[in-house]
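# Examining the three-dimensional arrangement
Residue strings, one per chain:
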Amino acid sequence: MRITVIGTGYVGLVTGTCFASTGNRVVCVDTNHEKIAQLQSGVIPIFEPGLDEMVHRGVESGDLHFSTNLEDALSSAQVVFIAVGTPMGEDGSADLRYVLAVAESIGQLMKTDLVVVDKSTVPVGTADRVRAVIAQALRNRIDSGDSVAASLKFDVVSNPEFLKEGSAIADFTRPDRVVVGADNEAAGQLVASLYEPFMIQSHRVLLMDTRSAEITKYAANAMLAARISFMNEIAKLCDHVGANTSRVRLGIGSDTRIGSAFLYPGCGYGGSCFPKNGKALIQTMKENGVDPTLLQSVEDVNRKQKQIMLEKVVARFGNDLSGKTVAIWGLAFKPNTDDMREAPAIETIHGLLERGAKVQAFDPEAMEQAKTCYLSGLENVAYFENKYDVLNGADALLLMTEWPAFRSPDFDEIRERLREPIVFDGRNQFERFHLHENGFEYFAIGIPGTKLG
Ligand code: NAD
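Residues numbered from 1 in each chain as written. Predicted model: local features only at pLDDT ≥ 70, side-chain atom pairs only at ≥ 80, totals over all residues. Heavy atoms only, no water.

What follows concerns the sheet that holds strand β14 (residues 441-443). Picture the strands of a sheet paired through backbone hydrogen bonds; they go either parallel or antiparallel. Strand order in the open sheet formed by six strands is β11-β10-β9-β12-β13-β14, with parallel pairing between adjacent strands. A single partner strand is all that each edge strand has here, and the edge strands are β11 (381-383) and β14. Strand-to-strand twist of the sheet, defined as the mean angle between neighbouring strand axes without regard to direction, takes the value 20 degrees. Pairing of strand β9 (residues 325-329) with strand β10 (residues 358-362) involves five bridges; the strand directions are parallel. For I328, the partnering residue across the bridge sits in β10 and is A361. Strands β12 (396-399), β13 (422-425) and β14 of the sheet are contacted by helix α14 (residues 308-317), whose axis makes an angle of about 155 degrees with β13. (Pairing = 2+ DSSP bridges. Helix = DSSP H or I, 4+ residues; strand = E, 2+ residues; numbered from the N terminus. Axes fitted to C-alpha atoms, helices over the stretch in contact; angles between N-to-C directions. Contact = heavy atoms within 4.5 Å.)

It is worth spelling out the sheet that holds strand β4 (residues 79-82) at this point. Judged by pairing direction, the sheet is mixed, and its eight strands sit side by side in the order β3-β2-β1-β4-β5-β6-β7-β8 without closing on themselves. Each edge of the sheet is formed by a strand with only one pairing partner; in this case those strands are β3 (64-67) and β8 (205-208). Averaged over all adjacent pairs, the angle separating strand axes in this sheet is 25 degrees, with direction ignored. Bridging between strand β1 (residues 2-6) and strand β2 (residues 25-29) involves five bridges; their strand directions are parallel. Bridging from a neighbouring strand, V5 pairs with C28 of β2. Against the sheet, helix α6 (residues 126-143) contacts β4, β5 (114-118) and β6 (154-158), and its axis sits at roughly 160 degrees relative to β6.

Close contacts around the ligand come from 26 residues, with D30, K35, T86, E165 and K276 the closest. In this structure, an oxygen atom belonging to the ligand sits 2.9 Å away from a main-chain N or O atom of V11. A distance of 2.5 Å is found between an oxygen atom of the ligand and a side-chain nitrogen or oxygen belonging to T86. Alone, the ligand offers 840 Å² of accessible surface; in the complex the protein occludes 85% of this. Counting only elements with at least two residues in the shell around the ligand, the list comes to α1 (10-21) and α5 (97-109). Here the shell around the ligand is built from residues that sort into nine nonpolar, ten polar and seven charged. (Near = heavy atom within 4 Å. Polar contact = N/O pair within 3.5 Å; in protein donor to acceptor, adjacent residues only side chain to side chain. Areas by Shrake-Rupley, 256 points an atom, 1.4 Å probe, with all protein chains shown as cover. Nonpolar A, V, L, I, M, F, W, Y, C, P; charged D, E, K, R; others polar.)

Looking now at the state of the cysteines. Within the structure shown, the criterion is met by zero disulfides. Of all cysteine sulfurs in the structure, the one in C28 sits closest to C18, which takes part in no disulfide; the separation is 10 Å. Free of any disulfide, C267 has its nearest neighbouring cysteine sulfur in C238, separated by 17 Å. (Disulfide = S-S within 2.5 Å.)

This part is about the pairing of β8. Each regular strand carries side chains that alternate between the two faces of the sheet. Sheet topology places strand β7 (residues 178-182) next to β8; four bridges connect them, and they run parallel. Note on β8: the bridge partner recorded for V180 is L207. This β-α-β element, β7 to helix α9 (residues 185-194) to β8, shows right-handed connectivity. (Right-handed = clockwise from strand over helix to strand, strands pointing away.)

The residue A261 is located in the loop between α11 (245-253) and α12 (274-287) in this model. Separated by 37 residues in the primary sequence, A261 and L224 have C-alpha atoms spaced 8.8 Å apart.

On to the packing of aromatic side chains. The geometry of an aromatic ring pair is captured by two quantities: the separation of the ring centres and the angle between the planes. Under the definition given, this model contains 17 aromatic pairs. With centroids separated by 6.4 Å and ring planes inclined at 50 degrees, the aromatic side chains of F317 and F424 adopt a geometry described as tilted. With F317 in helix α14 and F424 in strand β13, this residue pair connects regions lying 107 residues apart in the sequence. F424 matches F317 in its accessibility class, with the two residues each being buried. A centroid spacing of 5.2 Å and a plane angle of 85 degrees characterise the contact between F411 and F430, whose relative ring orientation is edge-to-face. Taken together, the residues span a long stretch of sequence, with F411 in helix α17 (residues 411-417) and F430 in the loop between β13 and β14 at a distance of 19 residues. Through a chain of ring-to-ring contacts, three or more aromatic side chains come together here, namely F19, F81, F172, Y195 and F198. (Phe/Tyr/Trp six-rings, centres within 6.5 Å; stacked < 30°, edge-to-face > 60°. Buried < 20%, exposed > 50% of the residue type's maximum accessible area, 1.4 Å probe, protein only.)

The subject of this paragraph is the packing of α5 against α6. In the contact formed by α5 and α6, the axes pass within 8 Å of each other and the chain directions differ by 35 degrees. Both α5 and α6 take part in a crossing whose hand is right-handed. Touching V99, L100, A103, E104, I106, G107, Q108 and L109 of α5 are T126, R129, V130, V133, I134, A137, L138 and R141, all from α6. Considering only residue class, the contact of α5 with α6 consists of ten nonpolar, three polar and three charged. (Left-handed = near helix turned anticlockwise from the far one by under 90°.)

Dropping the structure here:
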């Protein structure tokens, strides 16, 4: 199949690369010239395990191309994926300006019959809006005498993406399920057929209507976010009464009706999806007169949870942190990615600086993002190239992201490098080392350790 993918971010690049890996002819298009120039010269602009090799294989095979020229890319396409960003609008709703601009360009430039696939995360009803925008652009062409436009046909399909950054390739090529929403069955089947090579063992494509597919994506993220906020609330209670949230987690997760995934408490969820999609779903509910009580609480719990590390530091050292230096392990919103969007480390670092502390930070992949974007220009933040060097002279270590490299560290070295052996564990990674019994002050999330206050 000849495929064009519009938007070459996390989702578009993975989608295009994976489809090229099964022999489709793929052109990935982006308006960001720098990004496309990097990709054309073999530089992968994001960190995603396995992606680098796969892109290079795709390019070498001749099946994967990168371009800024949408007109060329559409000239012989059969299927076009829209994978541009849907940032949060001012009222929390999804900002569809990029999706609808792309839809208009498709209508203006398409030269062949097309199946247009919404892969961006978009609110219910967007497939209909995309369809209307393309139809209008075609009508405009017909009105201005474009004879080709009159014969062109297209369908719009919703195919939301469920990949997780950090395991995007595995998620795309071995998905739990693929959701294809189509109001025209033939178009839905065509999109479903692209996933057949990833479905050798069992068929896991769920065909449905476009509106159900659009809601499925938001509902899935909302359910996962709800589980995290639920556990964070339980962890708060554990902290107060001296119970252990890890044991509670095992106690409830072993119930097959509940299951064990996404029950880990921590310092709040971040990333490009959960916070944004939660707010967008709340907004959609309000617009439709549905009271989003539960989802609003999920958001509220998470907003407060992002303050938890700061609260624990303040409880230990006091509100005035001048003269204190805090070492941070992990800046990305989760391991195996350099993505810092809505990462809990951002708020925590700002809070520490506002109270007069100095920050020393290390992350295996996200430091460039931090320096150039999310923490750029901040005085009193120093970056280190090594997880132990960052501890030198610090008064405490804060673990913010559970990178594998942080999971079994050398605690003797940590003790030597820190001014005082104080560890705040925002991901409950060090519970098994019983640090508080080994000369450390240890503060985690709903885990008995050193008592505060
Ligand atoms: P991203 O910001 O990494 O990439 C979006 C890309 O689209 C950028 O490179 C941008 O330059 C490009 N773009 C914008 N307008 C364009 C246009 N008119 N023509 C061509 N390119 C254009 O975004 P992302 O993380 O890949 O997310 C894309 C969509 O997928 C969003 O709706 C997001 O919510 C959804 N999603 C993301 C993830 C994830 O883990 N990142 C997972 C599932 C779904």
